[in-house]
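Spelled out from the first residue to the last, the chains are:
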Amino acid sequence: MIGRRIYSGSPFEEMAGYARAVVDGNMVYVSGTTGFNPETMSFPDSVEEQTELCFHNIQRALVQADSHLDNLLRVRVYVASREEFDRIKPIIKKYCDAARPANTTIICDLAEEQMRVEVEVTAKTVYRPQGNER
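All residue numbers refer to positions counted from 1 along the written sequence of the respective chain. In keeping with the predicted nature of the model, local features appear solely for residues at pLDDT of at least 70, side-chain atom pairs appear and are counted solely at 80 or more, and the whole-chain, interface and lining totals rest on all residues. Only hydrogens and water are set aside; all other atoms, that is, all heavy atoms of the structure, feed into the side-chain values.

**Student:** Describe the environment of Val79, and please don't skip the residues or the numbers.
**Tutor:** A helix here means a DSSP run of H or I that spans at least four residues, while a strand means a run of E at least two residues long, and both kinds are numbered starting from the N terminus. With respect to the helices and strands, the residue Val79 is situated in strand β4 (residues 72–79). Residues Val79 and Val119 lie 40 residues apart in sequence; the distance between their C-alpha atoms is 8.6 Å. Throughout, a contact is declared for two residues whenever any of their heavy atoms are within 4.5 Å. Beyond its immediate sequence surroundings of up to four residues, Val79 is in contact with Val47, Glu84, Phe85, Ile88, Thr105, Ile106, Ile107, Cys108, Arg116 and Val117.

**Student:** Quick one: what's the story with the pattern of salt bridges, residue by residue and with numbers?
**Tutor:** Here a salt bridge means any side-chain nitrogen of Lys or Arg lying within 4 Å of a carboxyl oxygen belonging to Asp or Glu. Tallying each qualifying case throughout the model produces nine salt bridges. Close ionic contact of Arg87 with Glu48 constitutes a salt bridge, the shortest N to O distance being 2.8 Å. Here the residue Arg87 occupies a position in helix α3 (residues 82–96), and Glu48 occupies one in helix α2 (residues 47–64), the gap between them amounting to 39 residues. When a residue's accessible area, from a 1.4 Å probe over protein chains only, is under 20% of the maximum for its type it is buried; when over 50% it is exposed; and in between it is partly exposed. Looking at Arg87, the relative accessible area reads 33%, which means it is partly exposed. The exposure class of Glu48 is partly exposed, given its relative accessible area of 25%. A salt bridge links Asp97 to Lys93; its shortest N-O distance comes to 3.3 Å. Each member of the salt-bridge network shares a partner with another, and the members are Glu48, Glu83 and Arg87.

This is how it looks when you write it as structure tokens:
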């Protein structure tokens, strides 16, 4: 198996057989992350709240991977409607502005009816030399 797996404990990871993130070398690949709230076991009603939760959950995975939102290289946003995309643009900017990653946004149906947005990212880790490396 290549890379270190990071799990959030989400029931979806077990149901579908995936990890929240995979660290391979100095790269972090974070799976599509929704606005699911594990404390309430539900999705907030608004796309804005779901988007905030997406980035909160992504940031938690990145920290576990020795990374940060400032290290984003690529972001892909899947959103249920154009109107909702207009509403979440400022939230995406808030979390991505420092890194200015490459971005793709797709308007589409999502896996669950109550999902309004899903975000996946690729980032670099914070390089930490070990041993005799310079």
